[in-house]
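Take a look at the letters that make up each chain.
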Amino acid sequence: MSILNADLHCHSVVSDGTLTPEALAQRAAANGVELWALTDHDEVGGQHRALAAAREHGMKYLTGTEISVTFIGKTVHIVGLGFDAGDAALRQGLADTRGGRGERAMEMSDQLARAGIRGAYEGALRYVGNPELISRTHFARFLVETGVCRDTGEVFRRFLTEGKPGFVPHRWATLADAVRWITQAGGIAVIAHPARYPLTANEEYALFSEFKAHGGQAVEVVTGSHTAAEAVRYAQTAREFGLAASRGSDFHSPDESHTDLGQLPYLPGELTPVWELLADRIQ
Ligand code: AMP
Ligand code: MN
Ligand code: MN
Ligand code: MN
């Protein structure tokens, strides 16, 4: 095992988490996290605050983000770690990626209205911490608040996903662009929670092959979104493709997330931890 309590995936109010970067840092440190990264969706706006808070709590820090990508018509997430958060091309790419979220949200709201749920746009906005980053998670919180669903899991089963009311197809960044923005800013691209994608075996093989060809170097093996069996499976995939391994809770909220910051299994010992490749980027 790689016995380092690294948590390299979580979200703050700068995207769809409910805690500030400072509150996340405090919680991570209290849970024993030694190396931390805040990875807000399509945003680096919280990075300065996260680094400052990590220092205050004696944690090491890697810059982070989680980029929304459209791959063969499906959404996949690419985490970036250890990049220069001031890099102009990366910042522009992220701004372009989040650019369509406002319009998409209004269409989601129109669809929900047709399904009998009124005021969803305004309702979701009340949960938004960053006006550029309205996401399905904020709609999910509104649907729970109004009693339409009991929890966010039920929301995603009944609404907001393909074939259900409130799902608006959206074109995110390309895989090539996302990997390039991260690597050219000095960071490492990581396939986030690979078990969560609706890909066939052949499509998944294509994702890993193309990711690698574009310069991607790591995959999340131990994450709050994987079962123990899925971690074993993607440890094998990491070995097959010669990728380093990452570990992160994907924590969003004390009320919603099953896996708390830093509270997940260690990485299997035979894999190269992504932080070994990023030793000179740790702050
Ligand atoms: P968006 O970027 O607006 O498409 O929203 C994606 C976010 O929705 C993810 O980052 C998760 O936080 C959340 N999400 C997606 N699927 C689920 C699910 N089945 N259960 C809970 N949250 C989900
Ligand atoms: Mn999220
Ligand atoms: Mn994700
Ligand atoms: Mn995430």
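See above for the structure.
The rules behind each value
Residues numbered from 1 in each chain as written. Chains lettered and ligands numbered in written order. Predicted model: local features only at pLDDT ≥ 70, side-chain atom pairs only at ≥ 80, totals over all residues. Heavy atoms only, no water. Donors = N, O, S within 2.8 Å, 3.2 Å for Na, K, Ca; no water. Helix = DSSP H or I, 4+ residues; strand = E, 2+ residues; numbered from the N terminus. Buried < 20%, exposed > 50% of the residue type's maximum accessible area, 1.4 Å probe, protein only. 1 Å grid on protein atoms, 1.4 Å probe; cavity = no way out; pocket = protein on both sides within 12 Å on 5 of 7 lines; lining within 4 Å. Points joined across faces, edges and corners; volume = space filled by probe spheres on them. Nonpolar A, V, L, I, M, F, W, Y, C, P; charged D, E, K, R; others polar. Pairing = 2+ DSSP bridges. Axes fitted to C-alpha atoms, helices over the stretch in contact; angles between N-to-C directions. Core = buried A, V, L, I, M, F, W, Y, C linked by side-chain atoms within 4.5 Å. Contact = heavy atoms within 4.5 Å.

Observations concerning the coordination of the manganese ion (ligand 3)
Consideration 1: Only Glu 66 (OE), His 77 (ND1) and His 193 (NE2) from the protein coordinate the manganese ion (ligand 3), and they sit 2.1 to 2.2 Å from it.
Consideration 2: Written as a sequence motif, the donor residues of the manganese ion (ligand 3) are E-x10-H-x115-H.
Consideration 3: Between the manganese ion (ligand 3) and the manganese ion (ligand 2) there is a metal-metal distance of 5.6 Å. Taken together, the residues span a long stretch of sequence, with Glu 66 in strand E4 (residues 64-71) and His 193 in the loop between strand E6 (188-191) and helix H9 (201-213) at a distance of 127 residues. Like His 193, Glu 66 is buried.

Topic: the layout of surface pockets
Consideration 1: Approximately 1,700 Å³ is the volume attributed to the largest pocket.
Consideration 2: In this structure, the largest pocket is lined by 43 residues; those nearest its centre are His 77, Arg 136, Phe 156, His 193 and Arg 196.
Consideration 3: A breakdown of the residues in the lining of the largest pocket according to their chemical character gives 8 nonpolar, 20 polar and 15 charged.
Consideration 4: Of the pockets and cavities examined, the second largest pocket occupies roughly 220 Å³.

Considerations on the sheet that holds E4
Consideration 1: Spatially, 5 strands are ordered E4-E5-E6-E7-E8 in an open sheet, and the strand pairing comes out mixed. Here the strands that pair on one side only, and so sit at the sheet edges, are E4 and strand E8 (244-248). Averaged over all pairs of adjacent strands, the angle between their axes in this sheet comes to 40°, without regard to strand direction.

Details of the nonpolar core
The nonpolar side chains of a soluble globular protein tend to be buried with one another.
Consideration 1: Core analysis: the largest hydrophobic core is formed by 53 residues, its most contacted members being Leu 8, Val 69, Val 221 and Val 274.
Consideration 2: With residues up to four places along the chain from it excluded, the contact list for Val 69 reads Lys 74, Thr 75, Val 76, Ile 78, Trp 172, Ala 173, Thr 174, Leu 175 and Ala 178.
Consideration 3: Residues Ala 105, Met 108, Ala 124 and Phe 139 belong to the second largest nonpolar core, which totals 18 residues.

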